[in-house]
Amino acid sequence: MSSVRPWRDIARRQCRQIMVGSVPIGGDAPIAVQTMTNTLTSDAKATIDQIRRCEEAGADIVRVSCPDVESTAAFGKIVKAARVPLVADIHFHYKRALEAADAGAACLRINPGNIGSSERVAEVVRAAKANGCSIRIGVNAGSLEKDLLEKYGEPCPEALVESALDHIKLLQDHDFHEYKVAVKASDVFLAVAAYMGLAEAVDCPLHLGITEAGGLIGGTVKSSIGIGNLLWAGIGDTIRVSLSAEPEEEVRVGFEILKSLGLRTRGVRVVSCPSCARQGFDVIRTVEALENRLSHIKTPMSLSVLGCVVNGPGEARETDIGITGGGNGKHMVYLSGVTDHHVSSEAMLDHIVELVEAKAAELEAASAAAAVTA
């Protein structure tokens, strides 16, 4: 059956599916959103508190660094408190991987090449198998193997792909196939080209990211261009937006990227204008306040906030709830695309929040009823 809007269709790359704890990755599973804690893992309370904020923002998976014995000692307590699967981030010390697997990690993030000898890789694989862990191979342009840098002269797409294939072989030699792979770079062109090359070479799930992307604004732009480019091409099964910002911000940006492409829906999708002299109310402050006050809504729905009647009615017809600025402090409210009533500037913010919360409750009730009768 042909699509009604073929220009919006994204044909996802076909790959096999693995599990990260209870979360399916690849195949026809939704694209998962990940982030990483930045607290000291040895401080279990601080790490759990941060994970809880990430969960509230919608994180499907959270990665936790395990650089030392104190971290893996606390990791078990953190796993028990978390509501989402945790990935243990391991570098160099293979024993940390063994400890994290025993402590309940759902996935081990390693570079098999820097773990050590084949025997040590075999130990990590045995621990992963025994504990039901998957593995993420993490290749990074900033830490490519010396022989590949000598061969290619610099980090390039071919070098990143070759590194990934070498690491994959190390796991396959030990009959381990529950892995996903990332080939990250801070350069958008390099990362995108590497992922496109890897997507053609392997059948495993791919974890997307533009590493060291920068601060909240710059990093969001870089990540949206790089990750968005790949997702639009159908490539990618999990994503992590790497920002010099709090991890819950990474989750929010990740979902916004997915929502923009119609690949995930969570919470309120806001359509709003940049504002101009025609605006009937302060659009910028209104949208800022609404995004803050509606951040608790998880039910997918849409809200348009337009300052005047030039584009307001048209946008409102396409959203669940809409507000269009009018004269004399009176603004038109649209429900399900139809003009419904007016609201004053003074009452507008509280009124929109009430409407959205009521609509979310209505949608949730309908969904629950449909599940019962299915």
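Before reading further, recall that the structure is shown in the block above.
A brief look at the structure comes next. Predicted model, so just to flag it, every value in this text is computed and none were measured.

Turning our eyes to something else, we now look at the sheet that holds strand β7 (residues 134–140). Spatial ordering of the open sheet is given by β8-β7-β6-β5-β4-β3-β10-β9, a layout of eight strands whose pairing is parallel. Edge strands, defined here as strands with exactly one partner in the open sheet, are β8 (179–184) and β9 (207–208). Looking at chain direction, strand β3 (residues 32–36) and strand β4 (residues 61–65) are connected through three bridges and run parallel. Of the residues in β4, the one forming a bridge with M36 is R63. Each of β3, β4 and β5 (86–89) is contacted by helix α1 (residues 44–57), which is oriented at about 155° to β4, the strand it contacts most.

Here we have five strands laid out as an open sheet, ordered β11-β12-β13-β14-β15, and mixed in their pairing. The open sheet has two edge strands, β11 (268–272) and β15 (338–344), and neither has a second partner. Averaged over neighbouring strand pairs, the angle between their axes works out to 20° when direction is ignored. Pairing analysis gives four bridges linking strand β13 (residues 321–324) to strand β14 (residues 330–335), with the strands arranged antiparallel. Looking at the pairing, G322 lines up with Y334 of β14.

Residues I321 and I323 of β13 are buried on one face, and the alternating residues G322 and T324, pointing to the opposite face, are buried as well. When strand β12 (residues 301–306) meets β13, the two strands line up parallel, connected through four bridges. When the sheet's bridge partners are listed, V305 is paired in β13 with I323. The hairpin formed by β13 and β14 contains five residues between the paired strands, and N328 there has a positive phi angle of roughly 55°.

What follows covers the pattern of salt bridges. Counted according to the given criterion, the structure contains 22 salt bridges. When the shortest N-O distance is used, the salt bridge between R53 and E248 registers 3.3 Å. Within this pair, whereas R53 is found in helix α1, its partner E248 is found in helix α10 (residues 247–260), the two being separated by 195 residues in sequence. Given a relative accessible area of 39%, R53 falls into the partly exposed group. Exposure remark for E248: the relative accessible area of 11% places this residue in the buried category. A salt bridge links R293 to D350, with the shortest nitrogen-to-oxygen separation between them at 2.8 Å. Taken together, the residues span a long stretch of sequence, with R293 in helix α11 (residues 283–293) and D350 in helix α13 (residues 345–373) at a distance of 57 residues. Overall, the relative accessible area of 33% leaves R293 in the partly exposed class. Assessed through its relative accessible area of 41%, D350 is described here as partly exposed. The structure contains a network of salt bridges with shared partners spanning R52, E55, E56, R83 and K298.

Here the focus is α13. Here α13 is 29 residues long and its end C-alpha atoms lie 42 Å apart, about the 42 Å a rise of 1.5 Å per residue gives. In the structure, α13 departs most strongly from a straight axis at H351, where the bend amounts to approximately 25°. Among the residues of α13, M348, I352, V353, L355, V356, K359 and A360 are the ones counted as buried. Where α13 is buried, its residues contact β11, α11, β12, β13, β14 and β15.

With that settled, the discussion passes to the packing of helix α3 (residues 94–102) against helix α5 (residues 118–131). Closest axis-to-axis distance for the α3/α5 pair is 9 Å, and the angle between their directions is 5°. As the angle between them shows, α3 and α5 are arranged roughly parallel. For the pair formed by α3 and α5, the contact residues are Y94, A97, L98, A101 and D102 on the first element and R120, E123, V124, A127 and N131 on the second. Classifying every residue of the contact of α3 with α5 gives six nonpolar, one polar and three charged.

To continue, consider the pairing of strand β6 (residues 107–110). The side chains of a regular strand alternate between the sheet's two faces. What you see with β6 is no split at all: C107 and R109 on one side and L108 and I110 on the other are buried throughout. As judged from the three bridges shared by β5 and β6, these two strands associate in the parallel manner. Following the sheet pairing, V87 is matched in β6 by C107. Handedness of the crossover joining β5 and β6 through α3: right-handed.

Thresholds applied
- Residues numbered from 1 in each chain as written.
- Predicted model: local features only at pLDDT ≥ 70, side-chain atom pairs only at ≥ 80, totals over all residues.
- Heavy atoms only, no water.
- Pairing = 2+ DSSP bridges.
- Helix = DSSP H or I, 4+ residues; strand = E, 2+ residues; numbered from the N terminus.
- Contact = heavy atoms within 4.5 Å.
- Axes fitted to C-alpha atoms, helices over the stretch in contact; angles between N-to-C directions.
- Buried < 20%, exposed > 50% of the residue type's maximum accessible area, 1.4 Å probe, protein only.
- Salt bridge = Lys/Arg side-chain N within 4 Å of Asp/Glu carboxyl O.
- Expected span 1.5 Å × (residues − 1).
- Bend = angle between axes of the 7 residues up to and from the residue.
- Parallel < 35°, antiparallel > 145°, perpendicular 65-115°, else oblique.
- Nonpolar A, V, L, I, M, F, W, Y, C, P; charged D, E, K, R; others polar.
- Right-handed = clockwise from strand over helix to strand, strands pointing away.

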